[in-house]
Amino acid sequence: MPIVTLTAAIADHVRDGDSVALEGFTHLIPFAAGQEIIRQRRRGLHLIRMTPDLVYDQMIGAGCARRLTFSWGGNPGVGSAHRIREAIEAGWPQPLEICEHSHAGMAAAYVAGAARLPFGMLRGYLGTDLPAVNPAIRSVECPYTGERLATVPALNPDVTILHAQRADRAGNVLISGILGAQKEAGLAARKLLVTVEEVVDDLGAPMNGVVLPHWVVTAIACVPGGAWPSYARGHYPRDNAFYIAWDEIARDRGRFTAWIERYVLGTQDFAGFRARLRADGVAA
Amino acid sequence: MNATTVAPPWSADEMMTVTAARMLWDGCVCFVGIGLPSAAANLARLLHAPGIVLIYESGTIGTRPDVLPLSIGDGELAETAGAVVPLPEIFAYWLQGGRIDVGFLGAAQVDRFGNLNSTVIGPYQQPKVRLPGAGGAPEIAAHARQVFVVLKQSARSFVPKLDFVSSGGFLTGGGARRLSGAPGAGPQAIITDYGVLRPQAGSEEFALAARYEHVTAAAAVKATGWPLTVAASLEVIAPPTATELEALRALQARTQAAHSRPVQLPV
């Protein structure tokens, strides 16, 4: 399991048309990896994420995606994800097919994916219109009680990308704090890429800590700050000012496109991205 | 809001937050969302319900934040939690497992049976406004023993027919929810900026059960998109006490200060 640059990890493992899940539930969102996908101009992706927020606003607005599987999309604590909205409402920059779930449904789909079961099951979607607009939400009769239970097809992304606090030199990954569905999405994937804050000699993992062992990880890149503007527990807090600023940046197509060109397409890599943000007085 | 008298020295949000907080009891297990529900649940914890158990869908159980989270996964929630578990566990073991007393939900629209829309305004395929979507709400609405809804009242938000049912309340009323197999008792209160609506026995249609001192029932009816029934014994909700307002404002001030600290990234 090699430790590589983020540029190489994306170049080698993310292909046009892939299904790609960037997970992290407001914590440890792999922003740097999402921006590298934009920088390498991947197209036609099926993006999967429980909470498509700024990271998918950027990728969808930049034209990387044709399809989105999700359960909640917005700018958490601030308002709308304007680029996702415009893709759905107006087909800009291209039409976006959506496959919509509830959180419980998405979670069950990842758990099934990690277990290589064909579907996940839940007592869910009761009385809602979601099954009417998402034909993948079906039901099954319990063979023991006869109860009707909702089912969701397993999610098995071609690639899952996570951000974590640390890896050791062998490539074992430790995640701490709010976990979201990161472990499940990671184990459900065909390939797992992880960016980390630091690579250390000794992982120092507590006995019940969440460790993804090196033999389930495809590649690791050391990208300190790679979850900015979300946060990495023990390293830096969420940059709320940027989440608020993003509302204005993303509201307008032109302003959004200029931002992506200046900071993402117009920089070599994440270090270049951060240098340009710093030069412009943004706290990165 | 159509105040009949001079506007009171507290905001509609403050009145709603205090009213919601009063409905929570010590020891209650509460599934909390960001925004007003989170403020109300924490206010209750700081005042009359020190033993309340707050669960956020990001996986934090028994959390006691000193400041309100700006997002559902704020570090503050993890640092002050009794336990942090994976998110699939929250929905499987804790919510579907039937361990939640109160689920607190907001929405863009509510109908007379307490069904909620947080998905779309206009047709799903050609939306006028695409909203964030259901998130955790459908299963919270189904499984929590009871649900409190918090939403400002207007003819646009209290509608005769939802554009989309994201979360089920009493569905079509008259016992339809029970037949659906939803384990929880459903929405038991809608807390608005006019007062509190509660479901009527039998029909399960929401009626105005209590109003704030400074508003009239007629104004509440006018702010509702269906012909709102007013309970014969309409209660009047006591205004926020000095203690309640002080605690809430101090909490909001601490939150504001914490969230405006600049961030330094590692080099």
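Each remark here, short or long, concerns the structure printed above.
Residues numbered from 1 in each chain as written. Chains lettered and ligands numbered in written order. Predicted model: local features only at pLDDT ≥ 70, side-chain atom pairs only at ≥ 80, totals over all residues. Heavy atoms only, no water.

(A) Representation of the overall build of chain B. Looking only at helices and strands, one finds eight helices and 14 strands in chain B. Taking 18 Å as the expected radius of gyration for a compact globule of 267 residues, we find that chain B reaches 18 Å, a close match to that expectation. Projected onto its principal axes, the C-alpha coordinates of chain B cover approximately 60 × 45 × 40 Å. Split into buried and exposed, the 267 residues of chain B put 58% on the buried side. Partitioning the contacts of chain B with sequence separation of at least 6, the portion at a separation of at least 24 is 65%. Total accessible area computed for chain B in this model is approximately 10,300 Å², and 56% of it derives from carbon and sulfur atoms. Treating the 19 positive side-chain charges of chain B as one cloud and the 20 negative ones as another, the clouds have centres 5 Å apart. (Helix = DSSP H or I, 4+ residues; strand = E, 2+ residues; numbered from the N terminus. Rg over C-alpha atoms; globule rule 2.2 N^0.38 Å. Buried < 20%, exposed > 50% of the residue type's maximum accessible area, 1.4 Å probe, protein only. Contact = heavy atoms within 4.5 Å. Areas by Shrake-Rupley, 256 points an atom, 1.4 Å probe, with all protein chains shown as cover. Lys, Arg positive; Asp, Glu negative; His and termini not counted. Charge placed at Lys NZ, Arg CZ, Asp CG, Glu CD.)

(B) Inspection of the sheet that holds strand β2 (residues 53-56) of chain B at higher detail. All names here are of chain B. Judged by pairing direction, the sheet is mixed, and its 10 strands sit side by side in the order β4-β3-β2-β1-β5-β10-β11-β12-β13-β14 without closing on themselves. Two strands in the sheet have a free side with no partner beyond their single neighbour: β4 (83-84) and β14 (229-237). For strand β11 (residues 187-191) and strand β12 (residues 195-199), the ladder comprises two bridges, and the chain directions are antiparallel. Following the sheet pairing, Ile 191 is matched in β12 by Val 196. Contacting β1 (29-32), β2 and β3 (60-61), helix α4 (residues 87-95) crosses the sheet at an angle of about 145 degrees to β1. (Pairing = 2+ DSSP bridges. Axes fitted to C-alpha atoms, helices over the stretch in contact; angles between N-to-C directions.)

(C) Focus on the environment of Arg 166 of chain A. All names here are of chain A. When you line up the elements, Arg 166 lands in strand β9 (residues 159-168). Here the alpha-carbon distance between Arg 166 and Glu 97, two residues 69 residues apart in the chain, equals 35 Å. Non-local contacts of Arg 166, meaning those with residues more than four positions away in its chain, are made with Asn 172, Val 173, Leu 174, Val 196, Glu 198, Val 200 and Leu 203. In this structure the side chain of Arg 166 is engaged in a polar contact, spanning 3.3 Å, whose partner is the side chain of Glu 198. (Polar contact = N/O pair within 3.5 Å; in protein donor to acceptor, adjacent residues only side chain to side chain.)

(D) Fine view of the interface of chain B and chain A. If you look at the interface, chain B gives 49 residues, while chain A gives 50 residues. Summed over both sides, the interface between chain B and chain A buries roughly 4,000 Å², with carbon and sulfur atoms accounting for 63% of that surface. Interface area lost by chain B to chain A is led by Arg 130, Val 263 and Leu 265 of chain B, which between them contribute 17%. Applying the counting rule to chain B against chain A returns two salt bridges. Of the charged contacts, one joins Glu 100 of chain A and Arg 130 of chain B as a salt bridge, the two residues approaching to 2.6 Å between their closest N and O atoms. Those elements that provide at least two residues to the side of chain B that touches chain A are α3 (75-79), α4, β9 (129-130) and α5 (137-143) of chain B. Examining the composition of the side of chain B that touches chain A, we find that four residues originate from one element, α5 of chain B, more than from any other. Along the lines of polarity and charge, the residues of the side of chain B that touches chain A split into 25 nonpolar, 18 polar and six charged. (Buried area = accessible area lost by both parts, 1.4 Å probe. Salt bridge = Lys/Arg side-chain N within 4 Å of Asp/Glu carboxyl O. Nonpolar A, V, L, I, M, F, W, Y, C, P; charged D, E, K, R; others polar.)

(E) Up close: the packing of aromatic side chains. Residue and element names in this part refer to chain B. A full pass over the atoms with the stated rule returns 14 aromatic pairs over all chains. Ring geometry for Phe 31 against Phe 91: centres 6.1 Å apart, planes inclined by 50 degrees, an arrangement best described as tilted. Of this pair, Phe 31 sits in strand β1 while Phe 91 sits in helix α4, and the two are 60 residues apart along the sequence. A relative accessible area of 1% places Phe 31 in the buried class. (Phe/Tyr/Trp six-rings, centres within 6.5 Å; stacked < 30°, edge-to-face > 60°.)

(F) Here's a closer look at the sheet that holds strand β6 (residues 119-122) of chain A. All names here are of chain A. Read across the open sheet, the three strands follow the order β6-β8-β7; overall the sheet is antiparallel. Bordering the open sheet on either side are β6 and β7 (138-141), each of which pairs with just one other strand. The sheet shows a mean angle of 40 degrees between the axes of neighbouring strands, direction not considered. In terms of strand pairing, β6 meets strand β8 (residues 148-153) through four bridges, oriented antiparallel.

(G) Here's a closer look at the packing of helix α2 (residues 31-39) of chain A against helix α9 (residues 253-265) of chain A. Residue and element names in this part refer to chain A. Where α2 meets α9, the closest approach of the two axes is 10 Å, and the angle between their N-to-C directions is 100 degrees. Taken together, the axes of α2 and α9 are roughly perpendicular relative to one another. Here Gln 35, Ile 38 and Arg 39 of α2 come into contact with α9, specifically with Trp 259, Ile 260, Tyr 263, Val 264 and Leu 265. Tallied by class, residues from the contact of α2 with α9 come to six nonpolar, one polar and one charged. (Parallel < 35°, antiparallel > 145°, perpendicular 65-115°, else oblique.)

(H) The arrangement of the environment of Ala 188 of chain A in detail. Residue and element names in this part refer to chain A. Along the chain, the position of Ala 188 falls in helix α7 (residues 182-188). Note: C-alpha distance between Ala 188 and Tyr 110 (78 residues apart in sequence) is 6.2 Å. Once residues within four sequence positions are removed from consideration, Ala 188 is found in contact with Tyr 110, Gly 113, Ala 114, Arg 116, Leu 155, Asn 156 and Pro 157.

(I) Structural context of unusual backbone geometry. Residue and element names in this part refer to chain A. Omega for the bond connecting Trp 92 with Pro 93 falls within 30 degrees of zero, at 0 degrees, which places this linkage in the cis form. Tracing the backbone shows Pro 93 in the loop between α4 (82-90) and β5 (97-100). In this structure, Pro 229 follows Trp 228 across a cis peptide bond, with omega equal to 10 degrees. Mapped onto the fold, Pro 229 is located in the loop between β13 (219-222) and α8 (240-251).

(J) Fine view of the pairing of strand β10 (residues 146-150) of chain B. Residues and elements named next belong to chain B. Extensive coverage of β10 is indicated by the burial of four of its five residues. Sheet analysis places strand β5 (residues 102-105) next to β10, joined by four bridges and oriented parallel. The partner of Phe 104 across the bridge, within β10, is Phe 148. Across four bridges, β10 lies against β11 in parallel orientation. For Val 150, the partnering residue across the bridge sits in β11 and is Ile 191.

(K) The arrangement of the side chain of Arg 83 of chain A in detail. You can see Arg 83 of chain A is positioned in helix α4. There is a polar contact of 2.6 Å between the side chain of Arg 83 of chain A and the side chain of Glu 86 of chain A.

(L) Representation of the side chain of Gln 153 of chain B. Residue and element names in this part refer to chain B. Mapping Gln 153 onto the fold places it in the loop between β10 and α6 (176-180). Judged by relative accessible area, which is 5%, Gln 153 ranks as buried. Reaching out from Gln 153, the side chain makes a polar contact with the side chain of Thr 192 at a distance of 2.6 Å.

(M) Inspection of the pattern of salt bridges at higher detail. Residues and elements named next belong to chain A. This structure, assessed with the given rule, holds 22 salt bridges over all chains. Arg 83 is the salt-bridge partner of Glu 86, the closest N and O atoms lying 2.6 Å from each other. With Glu 86 and Arg 83 both in helix α4, this residue pair falls three residues apart, about one helical turn. In this structure, Glu 86 and Arg 83 share a single accessibility class: buried. With a shortest N-O distance of 3.2 Å, Asp 158 and Arg 190 are connected by a salt bridge. Taken together, the residues Asp 158 in the loop between β8 and β9 and Arg 190 in the loop between α7 and β11 (191-200) connect sequence positions 32 residues apart. Look at Asp 158 and you get partly exposed, because its relative accessible area is 22%. Connected through shared salt-bridge partners, Arg 83, Glu 86 and Arg 253 make up one network.

Just distances and angles here, no functional claims.
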